[in-house]
Amino acid sequence: MSENMVKDDFKARVEKFLERQEFMKHIGFNLSVIEEGRTEGWLDIETIHKQQKGLVHGGVTATLADIVAGFAAYTTVPADCHVVTAEIKVSYFKAGMGEKLHAIGYVIKKGRKLNFCEAEIWSVSGDKRDLIAKATTTMAVITPTDVNHKMNA
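Within each chain, residue numbers correspond to sequence positions counted from 1 in written order. Residues qualify for local features only when their pLDDT is at least 70, as the model is predicted, and side-chain atom pairs are given and counted only at 80 or more; totals for whole chains, interfaces and linings, by contrast, use all residues. The basis for every side-chain value is the complete set of heavy atoms in the structure, and neither hydrogens nor water enter the calculation.

### Things to note about the packing of aromatic side chains
Any pair of aromatic rings gets described here by the distance separating the centres and the angle formed by the planes.
Okay, so step 1: A pair of Phe, Tyr and Trp rings is counted when the ring centres sit within 6.5 Å of each other, with Trp represented by its six-membered ring. The angle between the planes then sorts it: under 30 degrees is stacked, over 60 is edge-to-face, the rest tilted. On inspection of all chains with the given rule, the structure shows one aromatic pair.
Okay, so step 2: Measuring from ring centre to ring centre gives 5.2 Å for Phe 17 and Tyr 74, while their planes differ by 75 degrees; the resulting arrangement is edge-to-face. Of the two residues, Phe 17 is situated in helix α1 (residues 3–18) and Tyr 74 in helix α3 (residues 58–74); the sequence distance between them amounts to 57 residues. Of the two residues, Phe 17 and Tyr 74, both sit in the buried class.
Okay, so step 3: Two thresholds decide whether a charge sits over a ring: the Lys NZ or Arg CZ must be within 6 Å of the ring centre and within 35 degrees of the ring normal. Directly above the ring of Tyr 74 sits Arg 13, whose terminal nitrogen or CZ lies 4.7 Å from the centroid. Here a helix means four or more residues in a row that DSSP labels H or I, a strand means two or more in a row labelled E, and each is numbered from the N terminus. For the exposure calls, accessible area comes from a 1.4 Å probe over protein chains only, and a residue counts as buried if that area is under 20% of its type's maximum, exposed if over 50%, partly exposed in between.

### Remarks on the layout of surface pockets
Okay, so step 1: Think of a 1 Å grid over just the protein atoms. A cavity is a set of points where a 1.4 Å probe fits yet cannot get out, a pocket is an open set with protein on both sides within 12 Å along at least five of seven lines, and lining residues have an atom within 4 Å of a point. Grid points are joined across faces, edges and corners, and a volume is the space filled by probe spheres set on the points. Taken as a whole, the largest pocket spans an internal volume of roughly 290 Å³.
Okay, so step 2: Broken down by secondary-structure element, the contributors of at least two residues to the lining of the largest pocket are α2 (22–27), α3 and β3 (82–92).
Okay, so step 3: Among the elements that make up the lining of the largest pocket, the one with the highest residue count is α3 (six residues).
Okay, so step 4: Any residue that is not Ala, Val, Leu, Ile, Met, Phe, Trp, Tyr, Cys, Pro, Asp, Glu, Lys or Arg is counted as polar, Gly included; the first ten are nonpolar and the last four charged. Of the residues in the lining of the largest pocket, the class split is nine nonpolar, five polar and one charged.

### Focus: the UniProt feature "domain: Thioesterase" (unreviewed entry) in the protein
Okay, so step 1: UniProt positions are given in the numbering used here, feature names are shortened, and annotations may be inferred rather than shown by experiment. Within this numbering scheme, the UniProt entry marks residues 54–126 as carrying the feature "domain: Thioesterase" (unreviewed entry).
Okay, so step 2: Counted over residues 54–126, helix gives 23% and strand 47%. Its end C-alpha atoms are 19 Å apart.

### What about the pattern of salt bridges?
Okay, so step 1: Here, a salt bridge means any side-chain nitrogen of Lys or Arg that lies within 4 Å of a carboxyl oxygen of Asp or Glu. Enumeration according to the criterion identifies nine salt bridges in this entry.
Okay, so step 2: A salt bridge links Glu 40 to Arg 38, with the nearest nitrogen and oxygen atoms 2.8 Å apart.
Okay, so step 3: On the accessibility criterion, Glu 40 (13% relative accessible area) is buried.
Okay, so step 4: Asp 130 serves as the salt-bridge partner of Lys 128, at 2.9 Å between the closest nitrogen and oxygen.
Okay, so step 5: Through salt bridges with shared partners, a single network forms among Lys 94, Lys 128 and Asp 130.

### Things to note about the nonpolar core
Okay, so step 1: With 34 residues, the main nonpolar core has Phe 29, Leu 31, Leu 64, Phe 71, Leu 101 and Ile 121 as its most contacted residues.
Okay, so step 2: Counting only elements with at least two residues in this core, the list comes to α1, α2, β1 (29–35), α3, β4 (100–110), β5 (114–125) and β6 (128–142).
Okay, so step 3: Among the elements that make up this core, the one with the highest residue count is α3 (nine residues).
Okay, so step 4: Contacts were defined at the residue level, with two residues in contact if any of their heavy atoms lie within 4.5 Å. Ignoring any residue separated from it by four or fewer positions in sequence, one finds Leu 31 in contact with Val 14, Leu 18, Met 24, Thr 39, Glu 40, Gly 41, Val 68 and Phe 71. Residues enter a nonpolar core if they are buried and are Ala, Val, Leu, Ile, Met, Phe, Trp, Tyr or Cys, with the set joined through side-chain atoms within 4.5 Å.

### A look at the pairing of β1
Successive side chains on a regular strand alternate, one facing one side of the sheet and the next facing the other.
Okay, so step 1: Across six bridges, β1 lies against strand β2 (residues 38–44) in antiparallel orientation. Each bridged residue has a counterpart across the sheet, and for Ile 34 the counterpart in β2 is Thr 39.
Okay, so step 2: When DSSP finds two or more bridges between a pair of strands, those strands are recorded as paired. Between β1 and β2, which pair antiparallel in sequence order, lie two residues; one of them, Gly 37, sits at a positive phi of approximately 80 degrees.

Next comes the structure, spelled out in structure tokens:
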């Protein structure tokens, strides 16, 4: 697959996958930016996203980081490939609170089998923005050969 084909159709491929992202729909998260090697999305903070003290649950924060980093990596692979999270580490800086969460994911090093990505999660309340978490991830590239090998093993 040529690099040009990857660049030409990654946005359409991501948008197609978003139709089947049931968990994203369930929590109300949407991607607003889909660029090569970068995605961004927004979540309106609701009661369902909060833990017992009224703060955004750490699992929600980690989920958003995983989603934006994963889709950022996906924009860089050929159309017949996929990515899955091989590793994620989330560092929490501040409590999640406010009106919205803004998640930004980007590829910092693209590889043939592994993409190294980062994600930032920002809480937003009016004009105030606070970086509440940062994640580093390793996204594994799954090729058709990988899938066929595992299916026939």
